[in-house]
Amino acid sequence: MIRNILLTVAAFFSLMLPATAHQPEGEESTEAFVNTQLNYCHLQVCRALTELRGADGMHDFTMMPRNILAEDRQLGWNCRKASAEEWCSGFWPGILWMDYAYSHDPQIRHAAERYTESLNFLVHQPVYDHDLGFLIINSFLKGIETQETANTHLCERYAPIVLAAADSLATLYNPMVGTILSWPRHVKDYGGHNTIMDNMINLELLFWASRHGGNPLLYDVAVSHAKTTMQNHFRPDGSCYHVAVYDTLTGQFIKGVTHQGFNNGSMWSRGQSWAIYGYTMVYRYTQNPIFLDFAQKVADIYIHRLNGSYIPRWDFDAPGLDAPVDASAACVVASALLELSQYVQGEKAICYRSFAEKSLHQLSTEKYQSRERNVAFLMHSTGHHPAGTEIDASIIYADYYYIEALLRLKKLIESQKLK
């Protein structure tokens, strides 16, 4: 199957530009656009799996794709050993599950299972940091979501792992503070309990577990984290700090700082995208209007400050018009806004969906898609600019949220056709 698909790659790429060079008009053309991009993603996944084979023709399912740097000359991913310290280990299995949901290719499903199950070890050791959420949500939980109506046995096998991971993540919760400790190893560096904006995404692990047989208190922990973060992690305009620091013993908020942004007062693009995605997800599980209102607030400042653009610079306050952009932030926001558009009415719903669609169209042009250049979906993401790492690169989590956004848009189109 994969070999036959690869024979069509060159022809497919030759057709890509006409299919994506303009924004389609009307629902039918949007549907064609989405299917074209999902076909593209499937071809790239097949190419990547071929490149990931070792000299013996086999896959090492413990080696997870992470990035393809701007200076790299190879087609394939730079991989890292799956570990609790490697926070991106869950994204590749999740991409495979989502591609399988679209393609129904049995070879993709086999790879998704094998890569996912190589992360089993994570629940048999003490929690390392908050990224356990990313690791499990994007692999095991994504597998459950993909297969919940088609493979009960697989879901029954994965659910205990998700539940155990949620219990482990909750051990980082400090009731005096009201949030989960993000980086235990950095408490001394920051002078207290640190919580980073990325952690909002990981609350889904707790919410899901509380709804599927886990400890009901996990729900309360997640809500406490979201509320405390909402109170202390944001400036009046809705922009966020990357890191909030609290007194470990009293719970008092000490300061807001950055780790990956330009400076302590700047709006780091991916951090803001985590906030938009996180509070939209929290509303999904809680149906509490304060979270819906706040999701809109943090989304509106992002959209306003882009001022008609769709792909942000790595930090909104980074100096120079030629500062590197971050396609990954655009992907996260596109996925989040497609969900958020379903929770609001009128002009707001139209605005959020339109912005998400236009973002996906921009991301799907020759400028941003990798196409024949490498096996990733996208180029031009920024990882950790202050550290000088993964700048102007293809990064695995950009691809994850890109295909997730496309699938969400496809689902929206199909649901409207059924009405």
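What you see is a predicted model; the values in this text were computed from it and never measured. (Residues numbered from 1 in each chain as written. Predicted model: local features only at pLDDT ≥ 70, side-chain atom pairs only at ≥ 80, totals over all residues. Heavy atoms only, no water.)

Caption draft 1: Examining the overall build of the chain more closely. A count of helices and strands for the chain gives 15 helices and nine strands. Compactness check: the chain gives a C-alpha radius of gyration of 20 Å against a globular reference of 22 Å for 419 residues, within 12% of the reference. Along the first, second and third principal axes, the C-alpha atoms of the chain reach 65 × 50 × 45 Å. Taken across its 419 residues, the chain has 61% of its residues classed as buried. Partitioning the contacts of the chain with sequence separation of at least 6, the portion at a separation of at least 24 is 68%. Across the chain, 33 positive and 43 negative side-chain charges occur, with their mean positions spaced 1 Å apart. (Helix = DSSP H or I, 4+ residues; strand = E, 2+ residues; numbered from the N terminus. Rg over C-alpha atoms; globule rule 2.2 N^0.38 Å. Buried < 20%, exposed > 50% of the residue type's maximum accessible area, 1.4 Å probe, protein only. Contact = heavy atoms within 4.5 Å. Lys, Arg positive; Asp, Glu negative; His and termini not counted. Charge placed at Lys NZ, Arg CZ, Asp CG, Glu CD.)

Caption draft 2: Just the sheet that holds strand 9 (residues 389–395), in detail. Spatially, the four strands line up as an open sheet ordered 2-1-9-8, and their pairing is antiparallel. Each of the sheet's edge strands pairs with one partner strand only, and the pair in question is strand 2 (78–81) and strand 8 (381–384). Strand-to-strand twist of the sheet, defined as the mean angle between neighbouring strand axes without regard to direction, takes the value 50 degrees. With two bridges connecting them, strand 1 (residues 63–68) and strand 9 associate as antiparallel partners. Pairing of asparagine 67 across the sheet is with isoleucine 395, part of strand 9. (Pairing = 2+ DSSP bridges. Axes fitted to C-alpha atoms, helices over the stretch in contact; angles between N-to-C directions.)

Caption draft 3: Looking closely at the packing of aromatic side chains. This structure, assessed with the given rule, holds 29 aromatic pairs. Measuring from ring centre to ring centre gives 5.5 Å for phenylalanine 207 and tyrosine 219, while their planes differ by 75 degrees; the resulting arrangement is edge-to-face. A residue pair is termed long-range when its members are at least 10 positions apart, and phenylalanine 207 in helix 9 (residues 199–211) and tyrosine 219 in helix 10 (residues 217–232) qualify at 12 residues. With a relative accessible area of 1%, phenylalanine 207 lands in the buried category. Accessibility expressed as a relative area gives 29% for tyrosine 219, which makes it partly exposed. Aromatic pair phenylalanine 234 and tyrosine 279: ring centres 6.0 Å apart, planes at 65 degrees, arrangement edge-to-face. In this pair, phenylalanine 234 sits in the loop between helix 10 and strand 6 (243–246) while tyrosine 279 sits in helix 11 (residues 269–286), placing the two residues 45 residues apart along the sequence. You'll find phenylalanine 234 and tyrosine 279 in the same group, each marked buried. (Phe/Tyr/Trp six-rings, centres within 6.5 Å; stacked < 30°, edge-to-face > 60°.)

Caption draft 4: Main features of the sheet that holds strand 5 (residues 193–196). If you trace the three strands from one edge of the open sheet to the other, you get 5-6-7, paired in antiparallel fashion. The outermost strands of the open sheet, each flanked by one partner alone, are strand 5 and strand 7 (253–257). In this sheet, neighbouring strand axes are inclined to one another by 20 degrees on average, regardless of whether the strands run parallel or antiparallel. Here strand 6 pairs with strand 7 via four bridges, running antiparallel. Paired with alanine 244 across the bridge in strand 7 is glycine 256. Here helix 10 sits on the sheet and contacts strand 5, strand 6 and strand 7; the angle it forms with strand 6, its principal contact strand, is near 100 degrees.

Caption draft 5: Quick look at the pairing of strand 5. Burial of strand 5 is two-sided: the residues His193 and Thr195 facing one way and the residues Asn194 and Ile196 facing the other way are all buried. The sheet contact formed by strand 5 and strand 6 spans four bridges and is antiparallel. Bridge pairing links isoleucine 196 to valine 243 in strand 6.

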